[in-house]
Structures are given as C-alpha cells and as structure tokens.
Amino acid sequence: QVQLVESGGGLVQAGGSLRLSCAASGSIFNMHTMGWYRQAPGKQRELVASIIGESSINYAGSVKGRFTISRDSAQNTVYLQMNSLKPEDTGGYYCKAQSTVWGITYDYWGQGTQVTVSS
C-alpha cells in the first residue's frame, strides 16, 4: 500500500502564495505520475497539475503561469507552488499518485488539504 500525506494548505489573501507538499510512503514502485487535484464546494474534482517522471508537466489552463509543480523523486515528494492566488482557487487540494505494476495501474489519493483565498 501507498500512503500520501499532504501539507501546506491554509488561509491566504488574494495575491498571496502557498506551497503544498505531498509525501509518499509505503510500497512505492514505479510511481510514474504524481499530481494535484482540487475540489471546490459543489463542484467536481479537477486536475490542477501533474508531472510524469521528472519533467513531463501538465497544467490546467486556469493556473498556468501562476502555479508550479515539481517533484523530488529521491524523497518521493511532489510540491505545488501557488502564486498570485485568487478566491476561485479556494478548495480542497488532493495529491494523487499513479504506479503501474505488471501492466496494472493503481491510483492513490491523499486525504486533502484545504486552501482558502480571501478577497
């Protein structure tokens, strides 16, 4: 089993910054993809950013240029640097990891960390 633990959420004013961290532990093998999703109240969970390997990165259009995802494979940790935060960035932020073993892909989720951006 794999455990993901997020940290770094909180309350910040619009225009401010936060840095989220997600540390993976447990039976980590071929964890090729890590990413961040968010879910606002009453809305579906959506992809914020993902990273495959060390450098193949994808961002949601709404965060491009403001958020940066990075990964420390040696520490099994993924980060999300969030700058120029807006009230619409408010929501629960969830870390997701994917590993593939013998052709089967497994998804793992963290418990989430709350980000609240005040106007």
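The preceding data block contains the structure.
First, a word on scope: everything that follows refers to the structure included in this document. Computed from a prediction, not measured in an experiment: that's the story for all the values here.

1. Comments concerning the state of the cysteines
Okay, step 1: Within the structure shown, the criterion is met by one disulfide.
Okay, step 2: In this model C22 forms its disulfide with C95; the gap between the sulfur atoms is 2.1 Å. Between C22 and C95, the S-S torsion sits near -80 degrees, and that sign places the bridge as left-handed. In this pair, C22 sits in strand β3 (residues 18-26) while C95 sits in strand β9 (residues 91-101), placing the two residues 73 residues apart along the sequence.
Okay, step 3: For C22, a relative accessible area of 0% gives the class buried.

2. Comments concerning the pattern of salt bridges
Okay, step 1: According to the stated counting rule, one finds four salt bridges in the structure shown.
Okay, step 2: Linked through salt bridges whose partners overlap, the residues forming this network are R38, E46, R66 and D89.

3. Observations regarding the environment of L20
Okay, step 1: Among the structural elements, L20 can be located in strand β3.
Okay, step 2: In contact with L20, other than residues within four places in its own chain, are S7, G8, G9, W36, V78, Y79, L80, M82, Y93, T113 and V115.

4. Considerations on the pairing of strand β1 (residues 2-7)
For a regular strand, the rule is simple: side chains alternate between the two faces of the sheet.
Okay, step 1: Burial of β1 is one-sided: the residues V2, L4 and E6 facing one way are buried, the residues Q3, V5 and S7 facing the other way are not.
Okay, step 2: For β1 and β3, the ladder comprises six bridges, and the chain directions are antiparallel. Bridged to V2 within β3 is G26.

5. Structural notes on the sheet that holds β1
Okay, step 1: Spatial strand order, β1-β3-β8-β7: four strands in an open sheet with antiparallel pairing. For this open sheet the edge positions go to β1 and β7 (67-72), each flanked by a neighbour on one side alone. Each adjacent strand pair in this sheet contributes to an overall mean axis angle of 15 degrees, direction not counted.
Okay, step 2: Sheet topology places β7 next to strand β8 (residues 77-82); six bridges connect them, and they run antiparallel. By the bridge assignment, I69 is partnered in β8 with L80.

6. Some words on the packing of aromatic side chains
Okay, step 1: If you walk through the whole model with that rule in mind, you get one aromatic pair.
Okay, step 2: Between Y37 and W109, the aromatic rings sit 5.0 Å apart at their centres with planes inclined by 65 degrees, giving edge-to-face as the arrangement. With a gap of 72 residues between them, Y37 in strand β4 (residues 31-39) and W109 in strand β10 (residues 104-109) connect regions that are remote in the sequence.
Okay, step 3: Classification of Y37 by relative accessible area gives buried; the value is 19%.
Okay, step 4: W109 sits in the partly exposed class, given a relative accessible area of 36%.
Okay, step 5: Looking at R45, its charged tip hangs above the ring of Y94, at a distance of 3.7 Å from the centre.

Rules and cut-offs
Residues numbered from 1 in each chain as written. Predicted model: local features only at pLDDT ≥ 70, side-chain atom pairs only at ≥ 80, totals over all residues. Heavy atoms only, no water. Disulfide = S-S within 2.5 Å. Helix = DSSP H or I, 4+ residues; strand = E, 2+ residues; numbered from the N terminus. Buried < 20%, exposed > 50% of the residue type's maximum accessible area, 1.4 Å probe, protein only. Salt bridge = Lys/Arg side-chain N within 4 Å of Asp/Glu carboxyl O. Contact = heavy atoms within 4.5 Å. Pairing = 2+ DSSP bridges. Axes fitted to C-alpha atoms, helices over the stretch in contact; angles between N-to-C directions. Phe/Tyr/Trp six-rings, centres within 6.5 Å; stacked < 30°, edge-to-face > 60°. Lys NZ or Arg CZ within 6 Å of the ring centre and 35° of its normal.

Interpretation note: all reported values are geometric properties and have no functional meaning in isolation.
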